[in-house]
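These are the residues of each chain, in order.
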Amino acid sequence: MDKPKKKKKTPKLFQFLLGYSLGFFAWLGGLHCLSVDEKGGLSLSAKRFRRHLLKVFLWTLEIGMVWNLLVAYHAWLMNATVPEIEIAFVVKSVIFLYIKVFWPRVFPEILPGMHVFFCPQCYQKQTFKFLPVSFQFGFFVTYLCSYCSCLVNGWGEQIFYPVQVSFRKVTPFLLKTLPLVGVAMALGVTLFRMIWDLF
């Protein structure tokens, strides 16, 4: 008998990375802020897009701060003594536990592709991980409930059926949202540099 052929993991990994990349750029462009009416017309929710711009701004600021803190910490760690490393480990653990207990929603609300929701189907509170499915389901910006496998959009609303909207209809909105997203990212970088220069 012939041995069963092992499935190649590379195509699945490539599909996952491609899907996640498309979903990330769709999220970054603010496509989850678009709403579709019964006739298939598109409109941009100003309130949701303002929240999205704030998150992009905070995300840019956070990545800049975390990266430079890690670089500075690594440089200090290379010259630190053993007691100093032990004290640093204790301090990091206390800070992590404090944030975990008292501010559990800080990081999920700031990190891209993550959000805290009450699932509209099973009502479980959780952090949905970013799971792009297809353009027809939430413009690539979708989450999957880990309890009931309910598919939701970027705002925690359950998706029951695909939206019949072509990418051509979305393009004019991208021409409006992408420059504003670029401005939010530039402001985040600018504020990060100002804060970092103070130290």
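First, a word on what this report is: a plain description of the structure on this page. Note that the structure is predicted; figures quoted are calculated from it, not measured.

**Thoughts on the state of the cysteines**
Phase 1: Counted by the stated rule, this structure contains zero disulfides.
Phase 2: Cysteine cysteine 119 shares no disulfide, and the gap to the nearest cysteine sulfur, in cysteine 148, comes to 3.6 Å.
Phase 3: For cysteine 119, a relative accessible area of 0% translates into the label buried.
Phase 4: We note that cysteine 150 lacks a disulfide partner, and the nearest cysteine sulfur, in cysteine 119, lies 4.2 Å from it.
Phase 5: Cysteine 150 sits in the buried class, given a relative accessible area of 2%.

**Section: the nonpolar core**
Phase 1: Leu31, Phe139 and Val170 are the most contacted members of the largest nonpolar core, which has 30 residues in total.
Phase 2: Of all the secondary-structure elements, those providing two or more residues to this core are helix 1 (9-28), helix 2 (46-79) and helix 5 (167-198).
Phase 3: With five residues, the single largest contributor to this core is helix 5.
Phase 4: Non-local contacts of valine 170, meaning those with residues more than four positions away in its chain, are made with Leu31, Leu34, Leu42, Phe135, Phe139 and Val165.

**Observations regarding helix 2**
Helical periodicity: at 3.6 residues per turn, an α-helix aligns residues three or four positions apart in one direction.
Phase 1: With 34 residues, helix 2 extends 50 Å between its outermost C-alpha atoms, agreeing within 8% with the 50 Å of an ideal straight helix rising 1.5 Å per residue.
Phase 2: For helix 2, the full list of buried residues reads Phe49, His52, Leu53, Lys55, Val56, Trp59, Thr60, Leu61, Glu62 and Gly64.

**Regarding the packing of aromatic side chains**
Phase 1: All chains considered together, the criterion is met by five aromatic pairs.
Phase 2: Between phenylalanine 24 and phenylalanine 25, the aromatic rings sit 5.4 Å apart at their centres with planes inclined by 70 degrees, giving edge-to-face as the arrangement.
Phase 3: Between phenylalanine 24 and tryptophan 27 the ring centres are 6.2 Å apart and the planes differ by 25 degrees, which places this aromatic pair in the stacked class. Separated by three residues within a single helix, phenylalanine 24 and tryptophan 27 lie in helix 1, roughly one turn from each other.

About the thresholds
Residues numbered from 1 in each chain as written. Predicted model: local features only at pLDDT ≥ 70, side-chain atom pairs only at ≥ 80, totals over all residues. Heavy atoms only, no water. Disulfide = S-S within 2.5 Å. Buried < 20%, exposed > 50% of the residue type's maximum accessible area, 1.4 Å probe, protein only. Core = buried A, V, L, I, M, F, W, Y, C linked by side-chain atoms within 4.5 Å. Helix = DSSP H or I, 4+ residues; strand = E, 2+ residues; numbered from the N terminus. Contact = heavy atoms within 4.5 Å. Expected span 1.5 Å × (residues − 1). Phe/Tyr/Trp six-rings, centres within 6.5 Å; stacked < 30°, edge-to-face > 60°.

So far we have only geometry, and geometry alone does not tell us how the molecule works.
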